[in-house]
Amino acid sequence: MSIADSGPGPQAFNLERETLENPNYRTVVWSGTYLQVTLMSIPVNGDIGLEKHPDTDQFIRLDSGRGRAQMGPSKDELTFDQEVTDGWCVIVPAGSWHNVTNIGDEPLQVYTVYAPQHHQPGKVHQTKAIADADTDDEPADWSVQPASAADQRA
């Protein structure tokens, strides 16, 4: 990877190339005061993980692969179900349970924009298991965060 999270400073890079070349489950590439950009590589049959961010809107764009996006008002009621491929985006409203699953035969390469910031700036998780076990993945103190309930995971 040729980029590093510069914090809230200016940044410019080839987003599509970096997304396609990202080998990690999650790589935080830019962290601003109000939003954050991460790159993700979801392995075949893998997923992002069913979760809900009470105060975080999320934009996910697929640059390679084939996925299934699911969302709904509860983890047992995923009323939105859409197959998505290269060029598609998934818009996740705050408070929605959601997941994206790789249903293709190659890694699913995506980038995600969170608003507000959601992960520790510069954080890299090589696998989902490492990300799930990480207890030190909080947004920066200098980011603007709502005073609200914690994220939920199924």
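Preceding block: the structure.
Residues numbered from 1 in each chain as written. Predicted model: local features only at pLDDT ≥ 70, side-chain atom pairs only at ≥ 80, totals over all residues. Heavy atoms only, no water.

1. Concerning the sheet that holds strand S2 (residues 36–42)
Strand pairing in a sheet takes place through backbone hydrogen bonds and is either antiparallel or parallel in direction.
Right, on to step 1. One open sheet holds the six strands; their spatial order is S7-S4-S9-S2-S1-S10, and the pairing between them is antiparallel. Both outer strands of the open sheet, strand S7 (89–92) and strand S10 (124–125), are each paired with one neighbouring strand and no more.
Right, on to step 2. Judged from the seven bridges that link them, S2 and strand S9 (residues 108–115) form a sheet pairing that is antiparallel. Paired with Val 37 across the strands is Val 113, a residue of S9. (Pairing = 2+ DSSP bridges. Helix = DSSP H or I, 4+ residues; strand = E, 2+ residues; numbered from the N terminus.)

2. Some remarks on a nonpolar patch on the surface
Right, on to step 1. A contiguous nonpolar patch, built from Tyr 34, Leu 35 and Val 144 and spanning about 280 Å² of accessible area, is present on the exposed surface.
Right, on to step 2. When you line up the elements, Leu 35 lands in the loop between strand S1 (26–31) and S2.
Right, on to step 3. Leu 35 sits in the partly exposed class, given a relative accessible area of 32%. (Patch = residues over 30% accessible without salt bridge, like charges linked within 9 Å, V, L, I, M, F, W, Y side chains within 5 Å. Areas by Shrake-Rupley, 256 points an atom, 1.4 Å probe, with all protein chains shown as cover. Salt bridge = Lys/Arg side-chain N within 4 Å of Asp/Glu carboxyl O. Buried < 20%, exposed > 50% of the residue type's maximum accessible area, 1.4 Å probe, protein only.)

3. Describing the packing of aromatic side chains
Right, on to step 1. Applying the stated rule across the entire model yields one aromatic pair.
Right, on to step 2. Judged by centre distance (6.3 Å) and plane angle (40°), the rings of Phe 59 and Tyr 111 are tilted. On the criterion of sequence distance, the pair formed by Phe 59 in strand S4 (residues 57–64) and Tyr 111 in strand S9 is long-range, its members being 52 residues apart. (Phe/Tyr/Trp six-rings, centres within 6.5 Å; stacked < 30°, edge-to-face > 60°.)

4. Comments concerning unusual backbone geometry
Trans peptide bonds make up the majority, and among non-glycine residues the majority have a negative phi.
Right, on to step 1. Following Ala 115, the chain continues into Pro 116 via a peptide bond in cis, with omega recorded as 5°.
Right, on to step 2. Position of Pro 116 relative to the elements: it lies in the loop between S9 and S10.
Right, on to step 3. Within the chain, Asn 45 stands out as a residue other than glycine whose phi angle is a positive 70°.

5. Describing the pairing of S1
Right, on to step 1. Here S1 lies mainly inside the structure; six of its six residues are buried.
Right, on to step 2. Here S1 pairs with S10 via two bridges, running antiparallel. Residue pairing for S10: Thr 27 is matched across the bridge by Val 124.
Right, on to step 3. Counted along the chain from S1 to the antiparallel partner S2, the turn is four residues long.

6. Observations concerning the nonpolar core
Right, on to step 1. Judged by nonpolar contacts, the single largest core of 15 residues is most densely connected at Ile 48, Ile 60 and Val 90.
Right, on to step 2. Secondary-structure elements contributing two or more residues to this core are S2, S4, strand S5 (66–72), S7 and S9.
Right, on to step 3. With residues up to four places along the chain from it excluded, the contact list for Ile 48 reads Tyr 25, Met 40, Ile 42, Ile 60, Asn 99, Val 100 and Lys 128.
Right, on to step 4. In this structure, Val 29, Trp 30, Val 37 and Tyr 111 belong to the second largest nonpolar core, which totals six residues. (Core = buried A, V, L, I, M, F, W, Y, C linked by side-chain atoms within 4.5 Å. Contact = heavy atoms within 4.5 Å.)

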